[in-house]
Amino acid sequence: MEGTESRSGTSSSVVADWSLVFWTLCSVLLPVLITLWCSFQRSRRQVLIRDIFRKSKHDWHYTDLFGQPSYCCVCAQHILQGAFCNCCGLRVSEGCLKKADQLFLCKEIMMRSNGGAQTSMPHHWIRGNVPLCSCCMICKQQCGTQPKLCDYRCVWCQYTVHDECMMDCLKTEECTFGEFKDLIIPPYYLSTINHMRKDKRSSYEKVVPYCRKHWMPVIILANTRSGNNMGETLLGEFKILLNPVQVFDLSKIAPAKALQLCTLLPCNTVRVLVCGGDGTVGWVLDAIDEMKIKGQEHYIPQVSILPLGTGNDLSNTLGWGAGYAGEVPVEQILRNVMEADGIKLDRWKVQVTNKGYYNLRKPKVFTMNNYFSIGPDALMALNFHAHREKTPSLFSSRIINKAVYFFYGTKDCLVQECKDLNKKVELELDGERIELPNLEGIIVLNIGYWGGGCRLWEGMGDEPYPLARHDDGLLEVVGVHGSFHCAQIQVKLASPVRLGQAHTVRLILKSSKMPMQVDGEPWAQGPCTVTITHKTHALMLYHSGEQTDDDASSVSEQDHVREQTDEDV
C-alpha cells in the first residue's frame with residue numbers, strides 16, 4: 001500500500017511539473033507568436049499600401065496622426081490616421097484606400113486633348129475636410145463647422161461651398177483658378193502646347209493664358225534635405241495651391257531639367273521660388289547659367305528664395321528673411337513672390353591655381369554669390385562640414401547647426417590656428433598691393449549679410465564708408481583679428497578692418513596650408529593664387545516687406561537698385 005501511494009504521489013508530482021512547464025512555455029511563446037503574427041500582418045499591409053501608392057495617380061502619403069479633425073472621403077467616418085493626397089487633398093482611412101483610388105480623380109496636370117484648343121475647364125470639387133476658417137462662395141458663411149464629412153472645395157481655385165449651397169450649375173461652371181490664377185499653369189494650356197509641338201508649331205503667343213498681360217507662372221524648386229527638413233511639407237502645400245507640374249523636389253530631379261519647363265512659357269515672365277539654403281540657390285543659378293549657354297536666354301526666370309538653410313545670408317540680403325520655420329502661410333509666400341521687384345545680383349568667378357613647378361592639375365574654378373574667405377570662419381565651416389559628413393543625422397535642425405558653429409568658434413578662440421595670416425598671404429585689389437595689418441582672416445564680400453545675419457561691411461556703423469551693393473560689380477574686402485573678433489562684429493561691439501573695394505581681387509598664399517571657403521563650401525588649401533573676377537549677372541527678386549533695424553541703413557541702396565533695374569527694362 002505504501003509503495004502504491006508513493007508511486008501515485010510521484011506520478012502526480014510529475015504531472016504537476018509538466019503542467020507547470022507547459023503553462024510556462026505558453027506564457028512565454030504566446031506573446032512572441034502574437035507579436036510575430038502582428039508584425040507579419042503589418043508588413044503585409046504595408047506592402048499592399050505601397051503597391052497602391054506606386055500604381056495610383058494620386059500622390060498618396062501615409063500619416064499616423066492628421067493635424068486637424070479629418071473624415072474619410074469614402075466611409076465618412078472620423079479618422080486619426082490614414083492616407084492623404086498631396087495634390088488634391090483627399091483623406092481616407094487605410095481600409096478605404098483602394099476604393100478611394102478608384103472612385104476619385106486627382107488633379108490633372110494636363111487635360112486630355114480632343115484635338116481643339118481649350119481655353120477653360122470646370123471646377124474640380126472634393127467633398128469634406130475643407131480648410132479651417134474657409135467661407136462659402138455662395139452665402140459667405142463659414143464652411144466645415146459640422147463634425148462630419150461635409151461641404152465642398154475646388155482643388156484649383158480653392159473656393160468652398162456648403163452642401164446645401166451646391167447647385168448643379170456650379171458643377172459645370174468654369175473655374176477661374178482663384179487668387180493665384182496669375183501663378184498657375186492651367187492643365188488646358190499644357191495640353192494645347194503639347195498638341196502644337198506634335199504639329200511642329202512653336203507660335204504660342206495666342207494660347208490662353210500665354211496672351212494674358214499679367215500672367216507670371218511660378219516654378220517651385222524645393223530641397224527636402226535643407227536645414228530644418230521642412231521641404232517635404234512645403235512640397236505638398238504648394239501642390240495643393242498650384243499645378244503639381246510646377247512643383248519639383250530637387251532631391252529627385254536636377255534644377256537644369258526642371259527649368260526646361262520655362263521654354264514652354266512666355267519669355268521673361270517666369271518666376272522661380274527656391275526653397276532651400278544659399279547652396280541650393282547657387283545650384284539653381286548655375287543651372288540658369290547653363291540655359292544661357294544653350295541659347296535659352298529669352299526664357300531666363302527671376303529667382304526668389306524661401307530660406308530653409310542655416311545661414312541664409314543671400315536670402316536675408318534680398319529681403320526674404322533669415323530663416324523660415326512655418327510661421328508664414330504658403331498663401332502669403334506666393335503673394336510675396338507676385339509682388340516682389342526684379343533686381344540684379346553679381347556672380348563672380350573664383351579661380352584657385354596651385355603653386356609649384358610641376359603642377360599639371362587644372363585650376364579649381366568656383367562661382368561665388370555670397371563671399372569668399374580665408375581664416376577662422378572658413379576653419380569653422382571646414383570643421384562643421386567634416387562633422388556633418390560623419391554623422392549627417394545629427395544636423396537636421398538650424399539651432400543644432402548654429403550650436404556646432406559656436407562650439408568650433410569658441411575652440412578657435414583658444415587655439416588660434418590661423419594667426420599671422422598677414423605673413424602668409426599677399427593681397428592685391430585691382431592690381432594694387434595692400435599692406436596688411438596683423439590679421440587672422442580675410443573675407444571678400446559680394447552681398448550685405450555674412451555669418452548668418454551680420455552686416456559685416458557696415459560693422460558698428462560709426463564710421464563713414466561707401467555703401468555695399470550686390471549689383472555694382474564691386475567686391476568689399478575686410479579683415480578680422482580672429483574668432484572672438486568675428487563674434488564681437490556679429491553683436492555690433494566691433495567693426496571689421498576694411499581693406500577696400502575692387503573689381504578684381506587677387507590673393508597669394510605663399511606658404512603652409514590654410515582653410516578657405518566659397519559660399520559655405522570649405523576646403524584646406526596649400527600654397528596657391530586665388531583670383532576673383534566678375535562672371536555674370538543673375539536676375540533675382542527683392543521682397544520689400546518688413547524691415548529690421550539692420551536693414552534701415554541699406555534702404556536707399558535697395559531703392560536705387562530697383563530704380564536702375566526699371567530704367568534698364
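Residues numbered from 1 in each chain as written. Predicted model: local features only at pLDDT ≥ 70, side-chain atom pairs only at ≥ 80, totals over all residues. Heavy atoms only, no water.

## Brief notes about the sheet that holds strand S22 (residues 514-518)
Across the sheet, 6 strands lie side by side as S20-S19-S18-S15-S22-S23; this open sheet has antiparallel pairing. Pairing within the sheet leaves two strands with one partner each, and these edge strands are strand S20 (497-502) and strand S23 (521-525). Averaged over neighbouring strand pairs, the angle between their axes works out to 15 degrees when direction is ignored. Bridge count for strand S19 (residues 475-480) against S20 is 5 bridges, and the pairing is antiparallel. In the sheet register, Val477 faces S20, and the bridge partner there is Gly500. (Pairing = 2+ DSSP bridges. Helix = DSSP H or I, 4+ residues; strand = E, 2+ residues; numbered from the N terminus. Axes fitted to C-alpha atoms, helices over the stretch in contact; angles between N-to-C directions.)

## Topic: helix H4 (residues 187-198)
A rise of 1.5 Å per residue sets the reference length of H4, with its 12 residues, at 16 Å; its end C-alpha atoms lie 17 Å apart and thus fit the reference within 8%. Listed in full, the buried residues belonging to H4 are Pro187, Tyr188, Tyr189, Leu190, Ser191, Thr192, Ile193 and Met196. Taken from the residues just after H4, Lys200 is the one with a positive phi, measuring 60 degrees. (Expected span 1.5 Å × (residues − 1). Buried < 20%, exposed > 50% of the residue type's maximum accessible area, 1.4 Å probe, protein only.)

## Overview of the UniProt feature "transmembrane region" (unreviewed entry) in the chain
Per the UniProt record, "transmembrane region" (unreviewed entry) is found at residues 20-40. Annotation note: span residues 20-40, helix share 100%, strand share 0%, distance between end C-alpha atoms 30 Å. (UniProt positions renumbered as here; feature names shortened; annotations may be inferred.)

## Regarding the sheet that holds strand S4 (residues 82-85)
Taking strand neighbours across the sheet as the criterion, the 3 strands line up as S1-S4-S5 in an open arrangement whose pairing is antiparallel. At either margin of the open sheet sits one strand with a lone partner, and together these are strand S1 (60-63) and strand S5 (91-92). Note that S1 and S4 share 4 bridges and pair antiparallel. Residue pairing for S4: His61 is matched across the bridge by Phe84.

## Focus on the packing of helix H5 (residues 231-241) against helix H9 (residues 330-339)
Packing of H5 against H9 leaves a shortest axis separation of 10 Å and a crossing angle of 70 degrees. Relative to H9, the element H5 is oriented roughly perpendicular. The handedness of the crossing between H5 and H9 comes out as right-handed. Between H5 and H9, the contacting residues are Leu234, Glu237, Phe238 and Leu241 on the first element and Val330, Glu331, Ile333 and Leu334 on the second. The residue inventory of the contact of H5 with H9, partitioned by class, reads 6 nonpolar, no polar and 2 charged. (Parallel < 35°, antiparallel > 145°, perpendicular 65-115°, else oblique. Left-handed = near helix turned anticlockwise from the far one by under 90°. Contact = heavy atoms within 4.5 Å. Nonpolar A, V, L, I, M, F, W, Y, C, P; charged D, E, K, R; others polar.)

## Considerations on H9
Residues three or four positions apart in an α-helix share a direction because the helix packs 3.6 residues into each turn. Turning to H9, its buried residues number three or more, namely Val330, Ile333, Leu334, Asn336 and Val337. An end-on view of H9 places all buried positions within 155 degrees of arc, on one side of the element. Contact partners of the buried residues in H9: strand S9 (218-222), H5, strand S11 (271-276), strand S12 (302-307) and strand S24 (528-542). (Arc of directions from axis to C-beta.)

## Comments concerning the nonpolar core
Core analysis: the largest hydrophobic core is formed by 98 residues, its most contacted members being Leu221, Phe238, Leu242, Leu259, Leu273 and Met540. Broken down by element, the residue count for this core peaks at 6 residues, all from helix H7 (residues 278-293). Ignoring sequence-local partners within four residues, the contact set of Phe238 consists of Ile220, Val247, Leu273, Cys275, Val330, Ile333 and Leu334. Grouped together as the second largest cluster of nonpolar side chains are 31 residues, Leu429, Leu436, Leu439 and Leu499 included. (Core = buried A, V, L, I, M, F, W, Y, C linked by side-chain atoms within 4.5 Å.)

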